[in-house]
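# Commentary on secondary and tertiary structure
Now for the letters of each chain:
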Amino acid sequence: MCDHRRVWRRLGVLDWIRIGLLALGVLFVATGLLPLREAAESMDDIGPLLVFLVGIIVLAELTKEAQVFDVIAARMAVLGRGNYAALFLLCTAFASFVTIFLNLDTTAVLLTPVMLALAPKARIAPLPLAMTTIWLANTASLLLPVSNLTNLLGMQKIGLNAQEFAARMWAPQLASIAVTMVFLWVFYWRRGQRRDLRYTPPLLEPVGDRVLFGVSSAACVLFIVALLLKVEVGVAAPAAALVVVAAYAVRDRRRLTWSLIPWQLLIFVTGLFLVVPTLSRYGLADLMSRLLGDGQDPYRTAAVGGALANTINNLPAYKAVEQVIPSGAQGQLLALLIGTNVATVITPWASLATLLWFESCRRHDVPVPMRRFLATGAGLAVVGLLVTVWALVLTS
């Protein structure tokens, strides 16, 4: 009984919100507000998504435990040789790579503490590193379906496979990363913001378990190769995760705990797929249709998606707007993804990644100036959205 009480006390505000969302969705089904048939269809839609989510989070968590991210971050700082411009380019490339191939939540939740732990070792101000991870966690999540849950939510209606999706989104992705880099340098990385001329390259520390390090690194490469070979993400992610789990079962079984399962995200996504269809049946769809208008304007669609995401969170925002866009309007659906991915850098609740990032900063005693966060995020959202949609239109 005491263990149960301890678990309940450990739940935070975000956990209760997720539980409440799921309970509300179940209530809608139980009362008939959402017909059982539609609820079952929603659950069928998210089955592969939930499998992917578990696989990618377990893979990322155990890869972090194997010190793969720590080693890469430390070697980047050494490679930069004390030059902030070189370190900036390396950090933005690393954060973008992790976001694109291992999902934005991996960047926000697992890469952030690694970068913050690097800061005191190299005597680097932590805020520029932290802002790099969270901004690129959102703005670098356009290229692949696995980069963001919103992409995975939209794949069936968009009607593209992973390679076709990347072929449409490579130019918008480059544009959004470029704009993000400009904002990061001007507002957080240039000397006037960081004050120091150079940083101190850290000493490289030995890896705790070279076998786990090697297996985890190989599993990440295996996952990326599987994506390039057009393997379904619902198969590639758990397969790569199982490789790492097997290695830990042999080398360090105590690390394999139930806490690896991202139950918070699972219940949030499940509740979302019950609540949003219900609200759409009772007026939300009409409101979204009025906001979008009749012209399928990609700029207007992206703006509506971005504004709604910063108001209620990007996952419910995407689902709410997607339901009123025709299946054939591929360009409009991609513009919506730009709005719900790139523009979610203003409010702390605009994406799950940002919420989790704030928690990580708090645990590491890194203060985030809220006015500066909101103001610079608003500038990035507006400019990033315009430039990224322009790149989409230009290459259509």
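Below or above, wherever it landed, is the structure these notes cover. All of these numbers come straight from a predicted model, not from anything done at the bench. (Residues numbered from 1 in each chain as written. Predicted model: local features only at pLDDT ≥ 70, side-chain atom pairs only at ≥ 80, totals over all residues. Heavy atoms only, no water.)

### Quick look at the overall build of the protein
Cut-off, in case you're wondering: Helix and strand definitions here come from DSSP, where helices need a minimum of 4 consecutive H or I residues and strands a minimum of 2 consecutive E residues; each element is numbered from the N-terminal end. In this description the radius of gyration comes from C-alpha coordinates, and the expected globular size is given by 2.2 Å times residues to the power 0.38. Classification of residues uses two cut-offs on accessible area relative to the type maximum, computed with a 1.4 Å probe and protein chains only: under 20% is buried, over 50% is exposed, and between them is partly exposed. Here, residues are in contact when the closest pair of their heavy atoms is within 4.5 Å. Methods summary: accessible areas were calculated by the Shrake-Rupley approach with a probe of 1.4 Å, and residue burial reflects only the protein chains presented. Think of it this way: Lys and Arg go in the positive column, Asp and Glu in the negative one, and His and the chain ends go nowhere. A single reference atom marks each charge: NZ on Lys, CZ on Arg, CG on Asp, CD on Glu.
When helices and strands are tallied, the protein shows 18 helices and zero strands. A globule of 396 residues ought to have a C-alpha radius of gyration of about 21 Å, and the protein, at 21 Å, matches this closely. Out of the 396 residues in the protein, the part that is buried amounts to 53%. Across the protein, contacts joining residues at least 24 apart in sequence account for 81% of those joining residues at least 6 apart. In the form shown here, the protein has an accessible surface area of approximately 17600 Å², with 65% of it arising from carbon and sulfur atoms. In the protein, which carries 32 positive and 22 negative side-chain charges, the distance between the mean positions of the two groups comes to 10 Å.

### A short note on empty space enclosed by the protein
Summary: where empty space remains is shown by rolling a probe the size of a single water molecule over the atoms. This is how the line gets drawn: Using only the protein atoms, space was sampled on a 1 Å grid; points where a 1.4 Å probe fits but cannot get out form cavities, open sets with protein on both sides within 12 Å along at least five of seven lines form pockets, and lining residues are those with an atom within 4 Å of a point. Grid points are joined across faces, edges and corners, and a volume is the space filled by probe spheres set on the points.
By the definition in use, this model includes one cavity of 30 Å³ or more. Put simply, the largest cavity is a space of about 50 Å³. Taken together, L104, D105, N148, L149, N314, L315, S351, L352 and A353 form the lining of the largest cavity. For the lining of the largest cavity, the elements supplying multiple residues, two or more each, are helix 6 (104-122), helix 15 (314-322) and helix 17 (352-363).

### A closer look at the nonpolar core
The line we're drawing: For this analysis, a nonpolar core means a set of buried residues of the types Ala, Val, Leu, Ile, Met, Phe, Trp, Tyr and Cys, connected via side-chain atoms within 4.5 Å.
With 131 residues, the main nonpolar core has F52, L59, M131, W135, W189, F223 and W357 as its most contacted residues. Ranked by the residues each element gives to this core, the list is headed by helix 13 (residues 263-292), at twelve residues. The contacts of L59, once residues within four sequence positions are left out, are L102, A219, C220, F223, A240, A241 and V244.

### As for the layout of surface pockets
The condition is simple: For this scheme, ten residues count as nonpolar: Ala, Val, Leu, Ile, Met, Phe, Trp, Tyr, Cys and Pro. Four count as charged, namely Asp, Glu, Lys and Arg, and the remainder, Gly too, count as polar.
Put simply, the second largest pocket is a space of about 880 Å³. Along its surface, the second largest pocket is lined by 31 residues, and D45, L152, L153, M155 and Q156 are the ones closest to its centre. Every element with two or more residues in the lining of the second largest pocket is listed here: helix 3 (36-65), helix 8 (149-158), helix 9 (162-189), helix 12 (233-251), helix 13 and helix 15. By residue number, the principal contributor to the lining of the second largest pocket is helix 3, which donates eight residues. Looking at side-chain class alone, the lining of the second largest pocket contains 15 nonpolar, seven polar and nine charged residues.

### A word on helix 11 (residues 210-228)
Keep this limit in mind: The span you would expect from a helix comes to 1.5 Å times its residue count less one. For this quantity, the arc is that covered by the directions from the helix axis to the C-beta atoms. Throughout this description, a polar contact denotes any pair of N or O atoms lying within 3.5 Å of each other; where both atoms belong to protein, one of them has to be capable of donating a hydrogen while the other can accept it, and for residues adjacent in sequence the pair is counted only when both atoms sit in side chains.
Along its 19 residues, helix 11 runs 27 Å from first to last C-alpha, staying within 8% of the 27 Å computed at 1.5 Å per residue. Taken together, the buried positions of helix 11 are L212, S216, A219, C220, F223, I224, A226 and L227. Buried residues of helix 11 fall within an arc of 160° about the axis and therefore sit on the same side. The outward face of helix 11, more than 90 degrees from its buried face, is lined by the exposed residues R210 and L228. Residues of helix 11 that are buried in the fold lie against helix 3, helix 4 (68-80), helix 5 (84-102), helix 9 and helix 12. Near the N-terminus of helix 11, the side chain that reaches the backbone nitrogen of V211, with its oxygen 3.0 Å away, is that of D209. Looking at the residues trailing helix 11, positive phi occurs at K230, about 70°.

### A word on the environment of I224
The residue I224 is located in helix 11 in this model. Apart from residues no more than four positions distant in its own chain, I224 is found in contact with F97 and F101.

### As for a nonpolar patch on the surface
To keep it simple, the criterion reads: Like-charged residues within 9 Å of one another, or nonpolar side chains (Val, Leu, Ile, Met, Phe, Trp, Tyr) within 5 Å, are grouped into patches, provided each residue has over 30% relative accessible area and no salt bridge. We define a salt bridge as a side-chain nitrogen of Lys or Arg found within 4 Å of a carboxyl oxygen belonging to Asp or Glu.
Residues V221, V225, L229, V231 and V235 make up a contiguous nonpolar surface patch of about 420 Å² in total accessible area. Along the chain, V231 turns up in the loop between helix 11 and helix 12.

### Quick notes on the packing of helix 14 (residues 298-312) against helix 18 (residues 370-394)
To keep it simple, the criterion reads: What counts as an axis is a line fitted to C-alpha atoms, over the stretch in contact for a helix, and the angles between N-to-C directions run from 0 to 180 degrees. The cut-offs work like this: below 35 degrees is roughly parallel, past 145 is roughly antiparallel, 65 to 115 is roughly perpendicular, and the gaps in between are oblique. For any helix crossing, the convention is left-handed if the near helix is rotated counterclockwise from the far helix by under a right angle, and right-handed if that rotation is clockwise.
At a closest axis distance of 10 Å, the pairing of helix 14 and helix 18 adopts a crossing angle of 140°. One way to sum up the angle between helix 14 and helix 18 is to call them oblique. Two packed elements cross with a definite hand, and for helix 14 against helix 18 that hand is right-handed. Contact with helix 14, carried on its side by P298, Y299, A302 and A303, involves L385, L386, V389, W390 and V393 of helix 18 and no other residues of that element. Per-class residue counts for the contact of helix 14 with helix 18 are nine nonpolar, no polar and no charged.

### Considering helix 6
What counts here: At every residue, the bend is computed as the angle between two fitted axes, covering the seven residues ending there and the seven beginning there respectively.
End to end, helix 6 covers 25 Å across 19 residues, agreeing with the expected 27 Å (1.5 Å per residue, within 8%). Of all the bends in helix 6, the largest measures some 40° and sits at L111, one to four residues before the proline P113. With 15 of its 19 residues buried, helix 6 lies for the most part within the structure. Two or three places before D105, at the start of helix 6, stands the capping residue N103, its side-chain oxygen 2.9 Å from that residue's backbone nitrogen. Just downstream of helix 6, R123 is the residue with a positive phi angle, here 55°.

### Some words on the pattern of salt bridges
What the rule picks out here adds up to eight salt bridges. Ionic pairing is found between E41 and R37, a salt bridge with its closest N-O pair at 3.2 Å. Taken together, the positions of E41 and R37, both in helix 3 and four residues apart, correspond to about one turn of that helix. E41 sits in the partly exposed class, given a relative accessible area of 41%. Judged by its relative accessible area of 54%, R37 is exposed. With a closest N to O distance of 2.7 Å, E65 and R255 form a salt bridge. Note that E65 is positioned in helix 3 and R255 in the loop between helix 12 and helix 13, a separation of 190 residues in sequence.

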